[in-house]
Amino acid sequence: MRSTLILLLCFLGFNTLLAQQDTLNTKAGVLVADDIQIKKTDNRVYDPRKAALRSAIIPGWGQITNRSWWKVPLLYGGFGVSVYFIYENDRLFHRYKTLLDEEQIADEPNQNLIRIYSRNADASRKNRDLVVLTMIGLYGLQIIDATVDAHLKGFNVDENLAMNFKPKFGVIANGTPYMGLKLTIPIGR
């Protein structure tokens with residue numbers, strides 16, 4: 001275990017030492033490299049591809065890269081709950097399967113108990129498989145979350161983007177006054 005951890009740390013260390021620097025064109029806070037827009041916010045670059053790749057390698061690494069630390073405990077809590085229910089449903093499946101086998105080899109098998117044990121074993125197996133699929137879905141969703149979060153980190157949310165409702169007063173060409181609402185959506189400022 002210790003040698004595996006040391007090997008992993010060495011690999012990650014050498015990987016960062018051998019990384020190449022790409023030449024990036026800077027335009028108004030957005031870096032452009034190889035047809036990918038990398039958003040730069042607070043002097044930090046958020047790359048959606050890097051976040052997705054890191055989340056695919058180690059769940060939660062993309063969230064840490066995007067500085068969304070609070071999501072990691074929720075993610076691992078979800079994985080922990082999933083593992084618990086996989087274990088519990090597998091235990092129940094084997095328990096009912098054993099009871100079913102014991103009842104079938106009995107001298108006078110009770111058909112009602114055989115049906116009950118069979119249904120319970122099937123239900124436990126289906127629940128276990130469903131939780132495995134849920135865990136795979138959780139893994140995929142955390143990759144999507146890291147990618148979308150990296151895309152939206154550089155999204156402009158200042159006050160100039162807000163819709164404004166203002167009262168509008170004026171006079172029509174024939175001299176009739178009017179009163180209404182003016183909706184302003186600032187685009188391209």
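Everything numeric in this text was worked out from a predicted model, so none of it was measured.

### Side note on the packing of aromatic side chains
Counting across every chain of the model gives three aromatic pairs. Relative to Phe85, the ring of Tyr84 has its centre 5.2 Å away and its plane inclined at 70 degrees; by these criteria the two rings are edge-to-face. With relative accessibility at 40%, the residue Phe85 sits in the partly exposed group. In this structure, Arg95 packs its charged tip against the face of Tyr96, placed 5.6 Å from the ring centre. Taking NZ or CZ as reference, Arg128 lies 5.3 Å from the ring centre of Phe93, over its face.

### Here we look at the environment of Ala150
Topologically, Ala150 is positioned in helix α5 (residues 111–152). Remark: the alpha-carbon pair of Ala150 and Asn66, spanning 84 residues in sequence, is separated by 6.0 Å. With residues near it in sequence (within four places) discarded, Ala150 still touches Tyr46, Asp47, Pro48, Ala51 and Asn66.

### Here we look at the confidence of the model for the protein
In this model, the protein carries an average pLDDT of 82, and 72% of its residues clear a pLDDT of 70 or more. In this model, residues 14–25 is a region of pLDDT below 50 whose contacts with residues beyond four sequence positions or in other chains number six contacts.

### Some words on helix α4 (residues 71–104)
Taking 1.5 Å per residue as the helical rise, α4 with its 34 residues ought to reach 50 Å, and the 49 Å between its terminal C-alpha atoms agrees with that figure. By the burial criterion, the buried members of α4 are Lys71, Val72, Leu75, Phe79, Ser82, Glu88, Asn89, Phe93, Tyr96, Leu100 and Glu103. Tucked inside the fold, the buried residues of α4 contact α3 (61–65) and α5.

About the cut-offs
Residues numbered from 1 in each chain as written. Predicted model: local features only at pLDDT ≥ 70, side-chain atom pairs only at ≥ 80, totals over all residues. Heavy atoms only, no water. Phe/Tyr/Trp six-rings, centres within 6.5 Å; stacked < 30°, edge-to-face > 60°. Buried < 20%, exposed > 50% of the residue type's maximum accessible area, 1.4 Å probe, protein only. Lys NZ or Arg CZ within 6 Å of the ring centre and 35° of its normal. Helix = DSSP H or I, 4+ residues; strand = E, 2+ residues; numbered from the N terminus. Contact = heavy atoms within 4.5 Å. pLDDT = per-residue confidence, 0-100. Expected span 1.5 Å × (residues − 1).

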